[in-house]
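Topology and contacts: notes
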Amino acid sequence: MTSRSNLAQVALALGALLIAMVSYQCGASLAKHLFPQVGAQGATAYRLGLSALFLLLWRRPWRRWGGRRDRLALWGYGLSMGVMNLVFYLSLRTIPLGIAVALEFTGPLALAMFSSRRLIDFVWIALVVAGLVLLLPLQGEAHALDPVGVMYALAAGVGWALYIVFGKKAGATYGADAVTLGTSIGALVAIPFGIAHAGATLLSPGLMPYALGVALLSSALPYSLEMVSLTRLPARTFSTLLSLEPAVAALAGVTLLGERLSPLQWLAILAIIIAAAGTALSVTKPASPAN
């Protein structure tokens, strides 16, 4: 691959990922407004169930099924997606959006660290760690964080790491259909919890506009865009670029939920952005296609 074509691929992957992040956090902010009516479980059921319906009607993947292999990767991708979404929304009941995403990012960060080989990779990871330390309210406010919410966010981080690993493999086999099939599998995880918690309230016509917005912004659009990046970037690069997610979440919390950031937390966002930019620039240089 030439340097120019490599740069174009990285630019496409990064652009898709940035749009996915903004969409994802806008959807999460909208979903939080559904919690009083249907709970985190119901919001997750809306998100994955309606997204799966959208994607199935649009993509109709059964027309291209034709003996594809690696179903373990597909099911791993879908199940990790379902669990990740459920426990992440459960964390949002008690901790702020930006902090929940920062904690959730420990999964992709660990994946990036374990798969990195070059010294420059660790420089960017160190910047991300520094940014996360500043972003979290460790001075004076840590006691206010609900420990159950923190555990849910960390569990979502494990799911996020598995989502990256399995998603890359599923995308290589199933292409864009991986998102449709994976979201449908994830819906099988989320919908029973939503029905058990909210019951018939899920069918309330007044909630449907919000539910459709959550499904589109939080799953159908961002997961489709993330697959564009997953199939064009090494897993370690994708994981490090995801460091922008806590920064985007913090900004979404400020603009959409009225959450506030300290000067140190703004500095954290700057450090994370620099790390993500450095990762994007370093991956454009010719290198072996390690995952």
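Keep in mind the model is a prediction, meaning the values are calculated, not measured.

**Overview of the overall build of the protein**
Helix and strand counts for the protein stand at 12 helices and 0 strands. Listing each helix as α and each strand as β along the protein from the N terminus yields α-α-α-α-α-α-α-α-α-α-α-α. Looking at the protein as shown, the accessible area adds up to about 12,700 Å², and 72% of this sits on carbon and sulfur atoms.

**As for the packing of helix H7 (residues 147–174) against helix H8 (residues 177–198)**
Contact geometry for H7 and H8: axes closest at 8 Å, N-to-C directions at 125 degrees. In terms of orientation, H7 and H8 fall into the oblique class. On H8, the residues touching Ala170, Gly171 and Tyr174 of H7 are Asp177, Ala178 and Leu181. Classifying every residue of the contact of H7 with H8 gives 4 nonpolar, 1 polar and 1 charged.

**Notes on the side chain of Ser184**
Looking at the element boundaries, Ser184 is found in helix H8. There is a polar contact of 2.8 Å between the side chain of Ser184 and the backbone oxygen of Thr180. If sequence neighbours within four positions are ignored, Ser184 has contacts with Ala52 and Leu56.

**Comments concerning the nonpolar core**
Counting residues in hydrophobic clusters, the biggest one holds 80 residues, and the most contacted among them are Phe88, Tyr89 and Ile164. Looking at this core element by element, the count peaks at 10 residues for helix H3 (residues 71–92). Not counting chain neighbours up to four residues away, the residues in contact with Tyr89 comprise Gly27, Ala28, Ala31, Phe35, Ala40, Ala43, Thr44, Arg47, Val214 and Ser218.

**Topic: empty space enclosed by the protein**
This model, assessed by the stated rule, comprises 2 cavities of 30 Å³ or more. Reported here for the largest cavity is a volume of approximately 50 Å³. Residue lining of the largest cavity: Tyr24, Met84, Trp160, Tyr163, Tyr223, Glu226 and Glu245, and that is the complete set. When grouped by side-chain class, the residues that make up the lining of the largest cavity number 5 nonpolar, no polar and 2 charged.

**Remarks on the confidence of the model for the protein**
Averaged over every residue, the pLDDT of the protein is 82; residues scoring 70 or more account for 87%. Scored below 50 in pLDDT, residues 284–291 shows 11 contacts in the model against residues more than four places distant or in partner chains.

**Points about the packing of aromatic side chains**
Aromatic ring pairs are reported here in terms of the distance separating the ring centres and the angle at which the planes meet. The tally for this structure, following the rule as stated, stands at 6 aromatic pairs. Ring centres of Tyr24 and Phe88 lie 6.2 Å apart, and the angle between their planes is 40 degrees; this geometry places the pair in the tilted category. With a gap of 64 residues between them, Tyr24 in helix H1 (residues 3–32) and Phe88 in helix H3 connect regions that are remote in the sequence. In this structure Phe88 comes out as buried when scored by relative accessible area, which is 0%. Taken together through their ring pairs, the aromatic side chains of Tyr24, Phe35, Phe88 and Tyr89 make up a single cluster. The positively charged end of Arg59 is found above the aromatic ring belonging to Trp58, 5.8 Å away from the centroid.

**Let's talk about helix H9 (residues 208–230)**
Counted at 1.5 Å a residue, the expected span for H9 with its 23 residues is 33 Å, and the 31 Å between its end C-alpha atoms agrees. Of all bends in H9, the biggest is about 35 degrees, found at Leu216.

Cut-offs used in this document
- Throughout this description, residue numbers start from 1 for each chain and increase along the sequence as written.
- For a predicted model such as this one, the threshold for reporting local features is a pLDDT of at least 70, and the threshold for listing and counting side-chain atom pairs is 80 or more; totals across whole chains, interfaces and linings nevertheless cover every residue.
- Only hydrogens and water are set aside when side-chain values are computed; all heavy atoms of the structure are taken into account.
- What counts as a helix is a DSSP run of H or I of at least four residues, what counts as a strand is a run of E of at least two, and both are numbered from the N terminus.
- Per-residue and other accessible areas follow the Shrake-Rupley method at a 1.4 Å probe size, with only the shown protein chains counted as cover for residues.
- The axes used here are C-alpha line fits, helices contributing only the stretch in contact, and every angle between their N-to-C directions lies in the interval 0 to 180 degrees.
- Here is the rule for angles: anything less than 35 degrees is roughly parallel, anything more than 145 is roughly antiparallel, 65 through 115 is roughly perpendicular, and the remaining ranges are oblique.
- By the convention used here, residues are in contact when the closest approach between their heavy atoms is within 4.5 Å.
- Throughout, the ten residues Ala, Val, Leu, Ile, Met, Phe, Trp, Tyr, Cys and Pro are labelled nonpolar, Asp, Glu, Lys and Arg are labelled charged, and all others, Gly among them, are labelled polar.
- For this analysis, a polar contact is any N or O atom pair within 3.5 Å, provided that within protein one partner can donate a hydrogen and the other can accept it, and provided that sequence-adjacent residues contribute only side-chain to side-chain pairs.
- For this analysis, a nonpolar core means a set of buried residues of the types Ala, Val, Leu, Ile, Met, Phe, Trp, Tyr and Cys, connected via side-chain atoms within 4.5 Å.
- For the exposure calls, accessible area comes from a 1.4 Å probe over protein chains only, and a residue counts as buried if that area is under 20% of its type's maximum, exposed if over 50%, partly exposed in between.
- Here a cavity is any set of points on a 1 Å grid over the protein atoms alone where a 1.4 Å probe fits but cannot get out, and a pocket is any open set with protein on both sides within 12 Å along at least 5 of 7 lines; a residue lines the site when it has an atom within 4 Å of a point.
- Grid points are joined across faces, edges and corners, and a volume is the space filled by probe spheres set on the points.
- The score called pLDDT rates the predictor's confidence residue by residue, from a low of 0 to a high of 100.
- Note on ring pairs: Phe, Tyr and Trp rings are taken, using the six-membered ring of Trp, and paired if centres are within 6.5 Å. Classes follow the plane angle, with under 30 degrees stacked, over 60 edge-to-face and the rest tilted.
- Cation placement over rings: the criterion is NZ of Lys or CZ of Arg within 6 Å of the ring centroid and within 35° of the ring normal.
- Between the first and last residue of a helix there are one fewer steps than residues, each counted as 1.5 Å, and that sum is the expected span.
- By definition, a residue's bend is the angle between the axes fitted to the seven residues ending there and the seven starting there.

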